[in-house]
Amino acid sequence: MDIIVNGARGRMGQEVCRLLQEDGHRLAAAVDRSGQDGCYARLADYTGPADVVIDFSNHEGVEELMAYCVQRGLPLVAATTGYTPEEFQRIQEGARTIPVFQSYNMSIGVALLARLVGQAAAIFGGCDVEIVEAHHNRKADAPSGTALLLADAVKARRPDAAYVFGRAGHHPRQPNEIGIHSLRMGNVVGEHEVIFATDNQTITLKHQAHDRALFAEGALAAADFLQGQPAGLYHMEDLLGP
Ligand SMILES: NC(=O)C1=CN([C@@H]2O[C@H](COP(=O)(O)OP(=O)(O)OC[C@H]3O[C@@H](n4cnc5c(N)ncnc54)[C@H](OP(=O)(O)O)[C@@H]3O)[C@@H](O)[C@H]2O)C=CC1
Ligand SMILES: O=C(O)C1=N[C@H](C(=O)O)C[C@H](O)C1
């Protein structure tokens, strides 16, 4: 399979480019806005053969990304985080024409975590929920896309949940709050903890990524999954199975 990697000079892009060749895939084109190290500066500069685009770049490039994939009829693995609601809507629109696999976290472990979080939220209906995420000190967006994905897994079971990002000052906790807290430090690859607390017990569900290869492997599995799929929006749940 011939893969276009968008954001190819970034931390994740480099990991995908390294791994895909070991994995029997082929790099059709490396695209990065720097245009350095043999990369195309823009997606539109590459018109050669390709089977899929994997995107780990920046949310602001979504219009160009979707226009390119839709115009060429190319399936897309959309792994970038930090989308505004309008930008995310652009992905949903594109998915009416092409198959799009979108996840804020490409690891199967986090897909399982999200499922367990949904179960815990349903079983412990009235408990307090707090989410703590930690990432490296170069991460641009906060909270992480994964923290939002996990909060959404709770909200799916508790529609009145309200997200509170960090806390300061005098604001007593409300029963329907989901507290979301972001740590940025050193070289942490990605850690997510969801805490369910009642007055007499605490349950903590936690995922730690040790290596970015985890996300690159997931993105390649998603690219494989998309081959032959009809237009639509796909997620890690589709890879996880029952
Ligand atoms: N879904 C998942 O599992 C994961 C998602 N991510 C997400 O992936 C994204 C990238 O992460 P990471 O690799 O750490 O970030 P980096 O900043 O290291 O890499 C992003 C790269 O994309 C380039 N870039 C920015 N905008 C564009 C554009 N419009 N077109 C082409 N290239 C562009 C950047 O160039 P420049 O340096 O000039 O800005 C940079 O080289 C983030 O949103 C991150 O949160 C990360 C890990 C896992
Ligand atoms: O920027 C990162 O590094 C990561 N971003 C994703 C997110 O925002 O959730 C996934 C992973 O945790 C690493």
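Only a predicted model underlies this, so the values are computations on that prediction, with no experimental measurement involved.

1. A closer look at the overall build of the chain
Argument step 1. Along the chain, the regular secondary structure elements total 7 helices and 11 strands.
Argument step 2. Relative to the globule expectation of 18 Å for 242 residues, the C-alpha radius of gyration of the chain, 19 Å, shows essentially globular dimensions.
Argument step 3. Its C-alpha atoms give the chain principal-axis dimensions of about 60 × 40 × 35 Å.
Argument step 4. The buried share of the chain, taken over its 242 residues, is 35%.
Argument step 5. Once local pairs closer than 6 in sequence are excluded, the contacts in the chain between residues at least 24 apart make up 68%.

2. With respect to the site of ligand 2
Argument step 1. Around ligand 2 sit Thr81, Tyr104, Asn105, His135, Lys139, Ser144, Gly145, Thr146 and Gly190, and those are all the residues in its vicinity.
Argument step 2. Within the shell around ligand 2, the residues separate by chemical class into 1 nonpolar, 7 polar and 1 charged.

3. Some thoughts on the confidence of the model for the chain
Argument step 1. Taken residue by residue, the chain gives an average pLDDT of 97. The fraction at 70 or more is 100%.
Argument step 2. Two summary scores accompany this predicted model of the complex, namely pTM at 0.97 and ipTM at 0.99.

4. Describing the site of ligand 1
Argument step 1. Around ligand 1, a shell composed of 25 residues is seen, among which Gly7, Gly10, Met12, Asn58 and Gly61 lie nearest.
Argument step 2. Looking at the shell around ligand 1 residue by residue, the class counts come to 7 nonpolar, 13 polar and 5 charged.

5. Section: the sheet that holds strand 3 (residues 52-55)
Argument step 1. What the 6 strands build is an open sheet, ordered 2-1-3-4-5-11; its pairing is parallel. One side of each edge strand has no neighbouring strand; the edge strands of this open sheet are strand 2 (26-31) and strand 11 (232-234). Adjacent strand axes in the sheet meet at a mean angle of 20 degrees, parallel and antiparallel pairs treated alike.
Argument step 2. Relative to strand 3, strand 1 (residues 2-6) runs parallel, the two sharing 4 bridges. Counted as the bridge partner of Asn6 is Asp55 from strand 3.

6. Quick word on the nonpolar core
Argument step 1. Counting residues in each nonpolar core, the largest one holds 41 residues, and the members touching the most others are Ile54, Val77, Ala219 and Ala223.
Argument step 2. At the level of secondary structure, the elements contributing two or more residues to this core comprise strand 1, helix 1 (11-22), strand 2, strand 3, helix 2 (62-72), strand 4 (76-78), strand 5 (99-102) and helix 6 (213-226).
Argument step 3. When sequence neighbours within four positions are dropped, the list of residues in contact with Val77 reads Val52, Ile54, Asp55, Phe101, Ala219, Ala222, Ala223 and Leu226.
Argument step 4. Counting residues in hydrophobic clusters, the runner-up holds 19 residues, among them Leu113, Ala114, Leu148 and Val154.

7. Digging into the sheet that holds strand 7 (residues 162-165)
Argument step 1. The sheet built from 5 strands is open, its strands ordered 7-8-6-9-10 with mixed pairing. With one partner strand each, in any of the chains shown, strand 7 and strand 10 (202-209) form the two edges of the open sheet. Neighbouring strand axes in the sheet, compared pairwise and without regard to direction, differ in orientation by 15 degrees on average.
Argument step 2. Here strand 9 (residues 190-197) pairs with strand 10 via 8 bridges, running antiparallel. By the bridge assignment for strand 10, Val194 is matched with Leu205.
Argument step 3. Strands in contact with helix 4 (residues 108-123) are strand 6 (128-135), strand 9 and strand 10; relative to strand 10, the strand with the most contacts, it is inclined by about 170 degrees.

Cut-offs and rules
Residues numbered from 1 in each chain as written. Chains lettered and ligands numbered in written order. Predicted model: local features only at pLDDT ≥ 70, side-chain atom pairs only at ≥ 80, totals over all residues. Helix = DSSP H or I, 4+ residues; strand = E, 2+ residues; numbered from the N terminus. Rg over C-alpha atoms; globule rule 2.2 N^0.38 Å. Buried ≥ 20, exposed ≤ 12 C-beta atoms within 10 Å, placed from the backbone. Contact = placed C-beta atoms within 7 Å. Near = placed C-beta within 6 Å. Nonpolar A, V, L, I, M, F, W, Y, C, P; charged D, E, K, R; others polar. pLDDT = per-residue confidence, 0-100. Pairing = 2+ DSSP bridges. Axes fitted to C-alpha atoms, helices over the stretch in contact; angles between N-to-C directions. Core = buried A, V, L, I, M, F, W, Y, C linked by C-beta atoms within 7 Å.

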